[in-house]
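# Coordinate inspection notes
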Amino acid sequence: MAENTGEVKMTPTLGLTGLTMNAMALIAPGAFLWLTFFIQATTGTTGPAMWLGIFVALLLCLATAVAYAELSKLYPGPGSSYFFAEQSFLNHEKAWKYARLSKFIVGWGSHLYYWIYPGVMVGVTGIFVGYVVGTLWPSSMSASNPGPVFMGLVAILFSLGVAYIAYRGVNGSTGVNIAINVIQISALIVFSVMALGYRMNHPPGSVAWQFDSTSGEAYPYEFATTSQTVNGTATDVITRDANMVPQPKLDASGKPVPYHIDYTYYDSTGAFMSHPSAKSVIAPHKWGWVFVQATVAILILVGFESCTALGGEAKNAKRDIPKAVILSLLIQGAFCYLFEYFATCYFLNSGYTMASAAGSAAPIGDMMIMTGDALFGQGHGRTFMLIEAVTVFLALIGTTLSCLNTGARVTYAMGKDNEVPEHFGMLHEKNLSPHRAIWTLAIISCFIGIIAVSMAFGDAGAPQDAAIQALPHGLFSSFGYSTHDKMAALPNSLLTITLASNFGTFILYCLSCVICMVAYHNHPNFSMLKHFLIPLFGVLANLGCMAFYLIGPFMGYGTAKEPLIAIGIAAVWAIYGGIYFMRSSKVAGRSTLVTSRT
């Protein structure tokens, strides 16, 4: 890696399309519909409110997006919120002395999001690849419950591979992102239309399909069962042949009994199963459930602000970045996600319930197999799913790439200011990329990804003992699985890491809305709506979601362990940040408050 002792600057090459596509790649509905549906399904009893939780998170993000767009009009430079914090305070007639303190708080807080988020992405990539491998080679890997060791290895290789693309420079990244966005949006819209068609063509009582997680296939008949003793309890177990294919239940004439679909809301234990109507999909059910789902759903919507970190590489930053921020969120969030999540939630039925989704590594993949079998014939659903899986993998590359680029550039901006070790503020002489920050973030992502998949099926997602016993035995396929009770007693590692990243997002978005109000206070272009009311709503919404991390578990909403651990991670990061800031300031002889507005 050749470096230059002189200053190497970024080259402005990105227009509106490039900026928008980079942000859209990070929001990536092609990746998150597939992967986050599983995380949302494991949040206890809150599944019925999934769609409205996304809508609430979208409103929060739109308020924050307006703040980012308005800030980028004033301060079109690299560093995103970190840069905005410094400039808004420096240009304020009374608050300028707090510029250094404010930008460090924002920059340090943003790293809770930008440094954990890529780790979440490489972790879910490990789960995704495990599902595909289990589908292709079921005798070696379970598609529904892949092995943690295998998923961890995939996370490491994926993190390093995407980091190499980021290291090569932003221009190559943009070309990749444009192609990925077109492919993933087209593919997921096709599936969403098929899911809606399946529901509308299978009214209650009609012959339909049911999914079997062990064989990874859908079948149009009732399953035969036999009574077996599992852990000392008599349990009805599906009868299977030597290839683990479920055998049909036979009627008096010896013919398979057709499977008849229904859309029961709850089962006998009170667990949510499916939506009986379209109205049920968009209903709140309980507002506490909506907030739980919103605290998870923020993961799928973040990224619209990523293009504000590319100010140094934008041709016309003041004109294009504000447009790119809003456009990326409206296209991916208001259109793609709301449509796709409605279709998938409406699809749920007795043959594939929310409980089935909570116990699968890739619920959307299962749904694709079912809809593909229904439309193309039995056996062809798996082919359809694998074709769609290719587009999802491309989307994963795009969103992880965009996240690495954004996070590395925030770290780069702090490095240039000597707020973190100054070697982070160096650019590669040839590629003009912040290579040291990129590779550091890649290594961190490897470790976070491994943690995320270590107990991805813990807590509410714990598989039953019969499913654990049916796993192919081996280091890569079954190591890490114990018993249902032990796994259910442990926090879900993927949900925990996701909530920790999301908590950092709420902190960053809340501070960004505050910065917007500070920047436009007494400014000639001040607008009551855009520069006070909308950012104020953003502040309150973000604070409300953060508060629900603490309040929700004690009110019995969702699972308790994961949000409390996420708060603990944020607290440790904040304390360490305060200690680091004081020590580095003392060593460098720098004052906390700015003494000059130069």
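Residues numbered from 1 in each chain as written. Predicted model: local features only at pLDDT ≥ 70, side-chain atom pairs only at ≥ 80, totals over all residues. Heavy atoms only, no water.

### Considerations on the nonpolar core
Core analysis: the biggest nonpolar cluster contains 166 residues, and Trp 34, Phe 37, Phe 128, Tyr 131, Phe 304, Tyr 341 and Tyr 509 have the highest contact counts within it. By residue number, the principal contributor to this core is helix H18 (residues 493-519), which donates 15 residues. Once you skip the residues sitting within four places of it in the chain, Trp 34 turns out to touch Phe 128, Tyr 131, Ala 362, Pro 363, Ile 364, Gly 365, Met 368, Met 385, Ala 389 and Val 392. With 7 residues, the next largest nonpolar core counts Leu 90, Trp 96, Ala 99 and Val 594 among its residues. (Core = buried A, V, L, I, M, F, W, Y, C linked by side-chain atoms within 4.5 Å. Buried < 20%, exposed > 50% of the residue type's maximum accessible area, 1.4 Å probe, protein only. Helix = DSSP H or I, 4+ residues; strand = E, 2+ residues; numbered from the N terminus. Contact = heavy atoms within 4.5 Å.)

### A look at the packing of helix H7 (residues 148-167) against helix H15 (residues 435-454)
With their axes 8 Å apart at the nearest point, H7 and H15 run at an angle of 165° to one another. In terms of axis orientation, H7 runs roughly antiparallel to H15. The hand of the H7/H15 crossing is right-handed. Residues Pro 148, Met 151, Gly 152, Ala 155, Ile 156, Ser 159, Leu 160, Ala 163, Tyr 164, Ala 166 and Tyr 167 of H7 touch H15, and the partners they reach there are His 435, Ile 438, Trp 439, Ala 442, Ile 443, Ser 445, Cys 446, Gly 449, Ile 450, Val 453 and Ser 454. Here the contact of H7 with H15 is composed, by residue class, of 16 nonpolar, 6 polar and no charged. (Axes fitted to C-alpha atoms, helices over the stretch in contact; angles between N-to-C directions. Parallel < 35°, antiparallel > 145°, perpendicular 65-115°, else oblique. Left-handed = near helix turned anticlockwise from the far one by under 90°. Nonpolar A, V, L, I, M, F, W, Y, C, P; charged D, E, K, R; others polar.)

### Comments concerning unusual backbone geometry
Of note in the backbone geometry, His 285 takes a positive phi value of approximately 65° without being a glycine. In this fold, His 285 is placed in the loop between helix H9 (278-282) and helix H10 (287-301). Given the relative accessible area of 28%, His 285 is considered partly exposed. Positive phi outside glycine occurs at Asn 522, with the angle close to 65°. Within the fold, Asn 522 resides in the loop between H18 and helix H19 (528-554).

### A closer look at the packing of aromatic side chains
Ring pairs (aromatic) are described by centroid distance and by the angle formed between their planes. The final tally for this structure, using the stated rule, is 36 aromatic pairs. With a centroid separation of 4.4 Å and 25° between ring planes, the pair formed by Tyr 113 and Tyr 114 is classed as stacked. When its relative accessible area of 2% is taken as the criterion, Tyr 114 is described as buried. With a centroid separation of 5.2 Å and 45° between ring planes, the pair formed by Phe 304 and Tyr 509 is classed as tilted. Note that Phe 304 is positioned in the loop between H10 and helix H11 (317-347) and Tyr 509 in helix H18, a separation of 205 residues in sequence. Note on Tyr 509: relative accessible area 0%, which makes it buried. Three or more aromatic residues joined by ring pairs form one cluster here, namely Tyr 68, Phe 83, Phe 84, Tyr 113, Tyr 114, Tyr 117, Phe 304 and Tyr 509. (Phe/Tyr/Trp six-rings, centres within 6.5 Å; stacked < 30°, edge-to-face > 60°.)

### Quick look at helix H14 (residues 380-416)
With 37 residues, H14 should reach 54 Å at 1.5 Å per residue; the first-to-last C-alpha distance of 54 Å fits that figure. Of all 37 residues that make up H14, 29 are buried, and the element is covered over most of its length. Two residues or fewer past H14, Asn 418 is found with a positive phi of approximately 60°. (Expected span 1.5 Å × (residues − 1).)

### A word on the environment of Tyr 82
For Tyr 82, the location among the structural elements is in helix H4 (residues 81-90). Sequence separation between Tyr 82 and Gly 107 is 25 residues, and the spatial gap between their C-alpha atoms is 4.9 Å. Apart from residues lying up to four places away in sequence, Tyr 82 is in contact with Lys 103, Phe 104, Val 106, Gly 107, Val 410, Ala 413, Met 414, Asp 417 and Glu 419.

### What to know about H11
Between the first and last C-alpha of H11 there are 43 Å, a value that for 31 residues agrees with the 45 Å anticipated at 1.5 Å per step. Along H11, the sharpest kink reaches roughly 30°, centred on Tyr 337. (Bend = angle between axes of the 7 residues up to and from the residue.)

### A closer look at a nonpolar patch on the surface
The grouping of Phe 526, Met 528, Leu 529, Phe 532 and Leu 533 at the surface amounts to a nonpolar patch, some 460 Å² of accessible area in total. Among the structural elements, Met 528 can be located in helix H19. (Patch = residues over 30% accessible without salt bridge, like charges linked within 9 Å, V, L, I, M, F, W, Y side chains within 5 Å. Areas by Shrake-Rupley, 256 points an atom, 1.4 Å probe, with all protein chains shown as cover. Salt bridge = Lys/Arg side-chain N within 4 Å of Asp/Glu carboxyl O.)

### Some words on the pattern of salt bridges
This structure, assessed with the given rule, holds 8 salt bridges. Between Lys 103 and Glu 86 there is a salt bridge, with its nearest N and O atoms 3.1 Å apart. Placement of the pair is Lys 103 in helix H5 (residues 99-114) and Glu 86 in helix H4, with a sequence separation of 17 residues. Just as Lys 103 is buried, Glu 86 falls in that class too.

### Focus: the environment of Met 455
With respect to the element layout, Met 455 can be found in the loop between H15 and helix H16 (465-469). Considered as a pair, Met 455 and Gly 480 are 25 residues apart in the sequence and their alpha carbons are 7.7 Å apart. Once residues lying within four places of it in the same chain are set aside, the contact partners of Met 455 are Gly 480, Met 487, Leu 490, Pro 491, Asn 492, Ser 493 and Leu 494.

### As for the side chain of Ser 192
Along the chain, the position of Ser 192 falls in helix H8 (residues 170-200). In this structure Ser 192 comes out as buried when scored by relative accessible area, which is 0%. Not counting chain neighbours up to four residues away, the residues in contact with Ser 192 comprise Phe 339, Glu 340 and Ala 343.

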